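Structural characterization, general
Next come the chains, spelled out residue by residue.
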Amino acid sequence: QKEVEQDPGPLSVPEGAIVSLNCTYSNSAFQYFMWYRQYSRKGPELLMYTYSSGNKEDGRFTAQVDKSSKYISLFIRDSQPSDSATYLCAMSATPSYGKLTFGQGTILTVHP
Amino acid sequence: DAGVIQSPRHEVTEMGQEVTLRCKPISGHDYLFWYRQTMMRGLELLIYFNNNVPIDDSGMPEDRFSAKMPNASFSTLKIQPSEPRDSAVYFCASTGTSGRAFTDTQYFGPGTRLTVL
């Protein structure tokens, strides 16, 4: 069993929809949670990060962590065609610089 | 800053040949990471360096893979001999040590797309 599970999709939604992307994990030592966005044929770029449980909001994006359920989510409000990308969750047990464990990525397409 | 630079961007080679991938991290970054991405396995960490010293190479799949970082501005990932199952996109990433914990995010290069025939 993988430490981090992420539904690869693909997920297709109309413009303006609310998108929910999710990951589950098995390692209770994970404390640091990140979401990366990867456009086609590009490297991943960090979108958001959170520590421990709770919510974090940044514009149209909200990251949510539920450590009791070992479940994290990324919500995108008012989705735009420019949000079409692969979204990868990543986690770490160490505060920094240690290795990240990535989910497989969810392919999202937002159509006009 | 030019960001993380990788070369070549595309590599097509035949099984059994040696492949060398190159990476120049962002100036001033202390950590360098090599990842491999495939549809089947997603993004996997192969090895990472701190101040040019390999810290964790547990993700290196086999002895056919080796990585070096001779100085702070250059790293190589070598596959010898290459096999078709090594076909993947290989990413290099770097990050610094500002003392602000995990807010020092990893910055990824554009990747090298390797095809082994």
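This report concerns the structure included in the present document. (Residues numbered from 1 in each chain as written. Chains lettered and ligands numbered in written order. Predicted model: local features only at pLDDT ≥ 70, side-chain atom pairs only at ≥ 80, totals over all residues. Heavy atoms only, no water.)

Along its length, chain A carries 0 helices and 11 strands. Starting at the N terminus and walking to the C terminus, you meet the elements of chain A as β-β-β-β-β-β-β-β-β-β-β. Taken over C-alpha atoms, the radius of gyration comes to 13 Å for chain A, in line with the 13 Å a tight globule of 112 residues would show. Counting only C-alpha atoms, chain A reaches 40 × 30 × 25 Å along its principal axes. (Helix = DSSP H or I, 4+ residues; strand = E, 2+ residues; numbered from the N terminus. Rg over C-alpha atoms; globule rule 2.2 N^0.38 Å.)

With that out of the way, let us pick up the nonpolar core. Membership of the largest hydrophobic core comes to 24 residues, with the highest contact counts inside it found for Trp35, Ile72, Leu74, Tyr87 and Met91 of chain A. If you list the elements that add at least two residues to this core, you get strand S3 (19–25), strand S4 (32–38), strand S5 (45–51), strand S7 (61–66), strand S8 (71–76), strand S9 (85–92) and strand S11 (106–111) of chain A. Ignoring any residue separated from it by four or fewer positions in sequence, one finds Ile72 of chain A in contact with Leu21, Asn22, Cys23, Tyr25, Phe33, Trp35, Gln64, Val65, Cys89 and Met91 of chain A. With 21 residues, the next largest nonpolar core counts Ile26, Trp34, Met69 and Leu77 of chain B among its residues. (Core = buried A, V, L, I, M, F, W, Y, C linked by side-chain atoms within 4.5 Å. Buried < 20%, exposed > 50% of the residue type's maximum accessible area, 1.4 Å probe, protein only. Contact = heavy atoms within 4.5 Å.)

A few words on the pairing of S9 of chain A. All names here are of chain A. Across the 8 residues of S9, 8 count as buried, placing the element largely inside the fold. Every second residue of S9 is oriented toward a common face, with Ala85, Tyr87, Cys89 and Met91 on one face and Thr86, Leu88, Ala90 and Ser92 on the other, all of them buried. Bridge count for S9 against S11 is 3 bridges, and the pairing is antiparallel. Paired with Ala85 across the strands is Leu108, a residue of S11. The sheet contact formed by S9 and strand S10 (residues 101–102) spans 2 bridges and is antiparallel. (Pairing = 2+ DSSP bridges.)

Here we come to the sheet that holds strand S3 (residues 19–24) of chain B. Residues and elements named next belong to chain B. Read across the open sheet, the 4 strands follow the order S1-S3-S8-S7; overall the sheet is antiparallel. The two strands at the open ends of the sheet, each matched to only one other strand, are strand S1 (5–7) and strand S7 (65–71). The average angle at which neighbouring strand axes cross in this sheet is 15°, direction not considered. Both S1 and S3 contribute to a ladder of 3 bridges, which runs antiparallel. If you follow Ile5 over to S3, its bridge partner there is Lys24. (Axes fitted to C-alpha atoms, helices over the stretch in contact; angles between N-to-C directions.)

This part covers the side chain of Ser73 of chain A. Residue and element names in this part refer to chain A. With respect to the secondary-structure elements, Ser73 resides in strand S8. On the accessibility criterion, Ser73 (3% relative accessible area) is buried. For Ser73, the side chain forms a polar contact with the side chain of Asn22, separated by 3.0 Å. Excluding residues within four positions of it along the chain, Ser73 makes contact with Leu21, Asn22, Trp35, Thr62, Ala63 and Gln64. (Polar contact = N/O pair within 3.5 Å; in protein donor to acceptor, adjacent residues only side chain to side chain.)

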